[in-house]
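Coordinates in review
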Amino acid sequence: MSDATIAEPSDVEEIPPGYDDGQDHAGLPHHTSTGLSNTKLAMWLFLGSECLLFGGLISTYMLYRNRQSDQIGPDQLWDIPFTSATSFVLLMSSLTMVMSVSAAKRKDEQRTKMWLTVTALLGGLFIAGQVYEFTTFYREGLGYTTSLFSSSFYTLTGFHGVHVAVGIIMLLSLVAMLAKGKLAGDNAETVEMIGLYWHFVDIVWILIFTLVYLIPA
Amino acid sequence: MSSETDTTDTDTTDTTDTDHDFGISADQLADETPPAYPPSQPIHEGGHGHKEPSDGQYIWIAIILAVLTALEILSTEAGPDGPWLVPILIVLMLVKFWVVASFFMHLRFDNRLFSFLFYLGLGFAVVLYSAVLATFHFWTG
């Protein structure tokens, strides 16, 4: 026993390539049992669950859209040309987002940052339009608790607005992290994940725009 | 160890066959190595066998979406004010939804599992809330 010695690092058997050494291979591609990215799988699961959230909010609005008080209803309030313009802005932000994903896959960091910034700006423009719209409606007498119609309308569009705001924060954070070189792992995949979230927000607005604004009550 | 190995692999740093016999040949080991992600040719290309659109094609897709939106607005403002209006708007909405999901979100080019997860959630939502709306007699007015 007294002869027992602690093995020197050079004495430790070197694990041949291909075997799991239980270490984190920083900077190397990771393996998954499905061959698919776990991050991407999780994002799609999250987006699938978001369908249920917005499905509930849209259904509630559809149910209560005719439960309005006095003369304040959709037909008196909606400004279709204005809302169409903000919808167009959000639709075009999906184009700039996909351009940033494309640039990230080409490892063109300058264009990636530029398109991400443009996407965030377009998202900000959409939010500004929504704030203006809400303010106008409120001044015309449509408060949050005015009627079931107003509550369901503000909840639905407000939830969507919060999603857009969260998206803008993620986009700007991504730009800052890219600029400082603090982004770990695969940059293109990170940009793609935020892109998926952004496109989902756009898809939800496609539904809201038609079901809430265009289809007559 | 064969004499051929001795003569060719004189570098002592290569210890895979000499010092460690794990009972697995190098060829077997290569076969069992799981696929790497993200691979150089990513899964985007593998899913349905289509190539991702170029930047120019993305612009064309955006133009199509803009035209569909314009058609929606035109239908509401100056289109048929009758029983056809709502079906037209719903169809245009669904087409826009599909275009964004398929091309901008790459579902058309990605692995089918992603489409399954997303459309499963969407299907659940549609069934669940259709049942809720039916409970509240939404369809019968």
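Only a predicted model underlies this, so the values are computations on that prediction, with no experimental measurement involved.

Some words on the overall build of chain B
When its secondary structure is counted, chain B shows six helices and one strand. In chain B, the order of α-helices and β-strands from amino to carboxyl end is α-α-β-α-α-α-α. When the 141 residues of chain B are sorted by exposure, 30% land in the buried category.

Digging into the overall build of chain A
For chain A, the count of helices and strands is six helices and one strand. Reading the helices (α) and strands (β) of chain A from amino to carboxyl end gives β-α-α-α-α-α-α. Residues counted as buried form 51% of the 217 residues belonging to chain A. For chain A, the proportion of contacts with a sequence separation of at least 24, taken over those separated by at least 6, is 80%. Total accessible area computed for chain A in this model is approximately 10600 Å², and 61% of it derives from carbon and sulfur atoms.

Things to note about the nonpolar core
Grouped together as the largest cluster of nonpolar side chains are 86 residues, with contacts concentrated most on Trp44, Trp78, Phe153 and Tyr213 of chain A together with Phe104 of chain B. For this core, the elements supplying multiple residues, two or more each, are helix H1 (38–64), helix H3 (80–105), helix H4 (109–139), helix H5 (148–180) and helix H6 (187–214) of chain A together with helix H4 (55–78), helix H5 (85–104) and helix H6 (112–135) of chain B. The dominant element in this core, judged by the number of residues it contributes, is H6 of chain A, at 20 residues. The residues contacting Phe153 of chain A, other than those within four sequence positions of it, are Tyr61, Trp78, Phe134, Phe137, Gly158, Val212 and Tyr213 of chain A.

Concerning H6 of chain A
Note that an α-helix has 3.6 residues per turn; residues three or four places apart therefore point the same way. Here H6 of chain A spans 39 Å end to end across 28 residues, near enough to the 40 Å set by a 1.5 Å rise per residue. With respect to burial, H6 of chain A is a largely interior element, 26 of its 28 residues being buried.

Points about H4 of chain A
Residue and element names in this part refer to chain A. Taking 1.5 Å of rise per residue, 31 residues should cover 45 Å, and H4 covers 45 Å from first to last C-alpha, within 8% of that figure. The complete set of buried residues in H4 reads Thr112, Lys113, Leu116, Thr119, Ala120, Leu122, Gly123, Phe126, Gly129, Gln130, Glu133 and Phe137. Next to the buried residues of H4 lie helix H2 (74–77), H3, H5 and H6. In the segment just after H4, Gly141 is the residue with positive phi, at about 105 degrees.

Brief notes about the packing of aromatic side chains
All told, the structure shown has 25 aromatic pairs over all chains when counted by the stated rule. Among the aromatic side chains, those forming a connected cluster through ring pairs are Tyr61, Trp78, Phe126, Phe134, Phe137, Tyr144, Phe149, Phe153, Tyr154, Trp205, Phe209 and Tyr213 of chain A.

Points about the side chain of Glu133 of chain A
Residue and element names in this part refer to chain A. Following the sequence through the fold, Glu133 ends up in helix H4. Salt bridges are absent for the buried Glu133, whose nearest opposite-charge side chain, Arg65, sits at 13 Å. When residues no more than four places from it in sequence are discounted, the contact partners of Glu133 are Phe82, Thr83 and Tyr213.

Focus on the packing of H1 of chain A against H6 of chain A
Residues and elements named next belong to chain A. One can describe the packing of H1 onto H6 by two numbers: an axis separation of 11 Å at closest approach and a directional angle of 15 degrees. As summarised for this structure, H1 and H6 are arranged roughly parallel, according to the angle between their axes. The interaxial crossing formed by H1 with H6 has right-handed handedness. Packed against H1, whose contacting residues are Thr39, Lys40, Met43, Trp44, Phe46, Leu47, Glu50, Cys51, Phe54, Ile58, Tyr61 and Met62, the element H6 presents Glu189, Glu192, Met193, Leu196, Tyr197, Phe200, Val204, Leu207, Ile208, Leu211 and Val212 at the interface. Looking at the contact of H1 with H6, its residues break down into 18 nonpolar, one polar and four charged.

Things to note about the environment of Thr39 of chain A
Residues and elements named next belong to chain A. Summarising the element assignment, Thr39 is placed in helix H1. Between the C-alpha atom of Thr39 and that of Asn66, which follows or precedes it by 27 residues, the distance is 42 Å. Apart from residues lying up to four places away in sequence, Thr39 is in contact with Glu189 and Met193.

So, the confidence of the model for chain A
All names here are of chain A. When the pLDDT values of chain A are averaged, the result is 85; 85% of them are 70 or greater. Below a pLDDT of 50 lies the segment residues 1–7, which in the model reaches zero contacts outside its immediate sequence neighbourhood of four places, other chains included. Contacts for the low-pLDDT stretch residues 15–28, under 50 throughout, to residues beyond four places or in other chains number nine contacts.

Focus: the environment of Gly121 of chain B
As for its placement among the helices and strands, Gly121 of chain B is situated in helix H6. With ten residues separating them in the primary sequence, Gly121 of chain B and Ala131 of chain B have C-alpha atoms 15 Å apart. Setting aside residues up to four positions removed in sequence, Gly121 of chain B forms contacts with Gly48, Cys51 and Leu52 of chain A.

Some remarks on the side chain of Ser93 of chain A
Within the element layout of this structure, Ser93 of chain A appears in helix H3. Ser93 of chain A has contacts with Thr119, Leu122 and Trp198 of chain A, leaving out every residue within four places of it along the chain.

Observations concerning the pattern of salt bridges
All told, the structure shown has six salt bridges over all chains when counted by the stated rule. A salt bridge links Asp110 of chain B to Lys40 of chain A; the shortest N-O distance between them is 2.7 Å. Placement of Asp110 of chain B in the loop between H5 and H6 and of Lys40 of chain A in helix H1 is noted, with the two residues assigned to different chains. A single burial state applies to Asp110 of chain B and to Lys40 of chain A, both of which are buried. What emerges from the salt-bridge pattern is a single network uniting Lys40 and Glu192 of chain A together with Asp110 of chain B.

The rules we used
- Residues numbered from 1 in each chain as written.
- Chains lettered and ligands numbered in written order.
- Predicted model: local features only at pLDDT ≥ 70, side-chain atom pairs only at ≥ 80, totals over all residues.
- Heavy atoms only, no water.
- Helix = DSSP H or I, 4+ residues; strand = E, 2+ residues; numbered from the N terminus.
- Buried < 20%, exposed > 50% of the residue type's maximum accessible area, 1.4 Å probe, protein only.
- Contact = heavy atoms within 4.5 Å.
- Areas by Shrake-Rupley, 256 points an atom, 1.4 Å probe, with all protein chains shown as cover.
- Core = buried A, V, L, I, M, F, W, Y, C linked by side-chain atoms within 4.5 Å.
- Expected span 1.5 Å × (residues − 1).
- Phe/Tyr/Trp six-rings, centres within 6.5 Å; stacked < 30°, edge-to-face > 60°.
- Lys, Arg positive; Asp, Glu negative; His and termini not counted.
- Salt bridge = Lys/Arg side-chain N within 4 Å of Asp/Glu carboxyl O.
- Axes fitted to C-alpha atoms, helices over the stretch in contact; angles between N-to-C directions.
- Parallel < 35°, antiparallel > 145°, perpendicular 65-115°, else oblique.
- Left-handed = near helix turned anticlockwise from the far one by under 90°.
- Nonpolar A, V, L, I, M, F, W, Y, C, P; charged D, E, K, R; others polar.
- pLDDT = per-residue confidence, 0-100.

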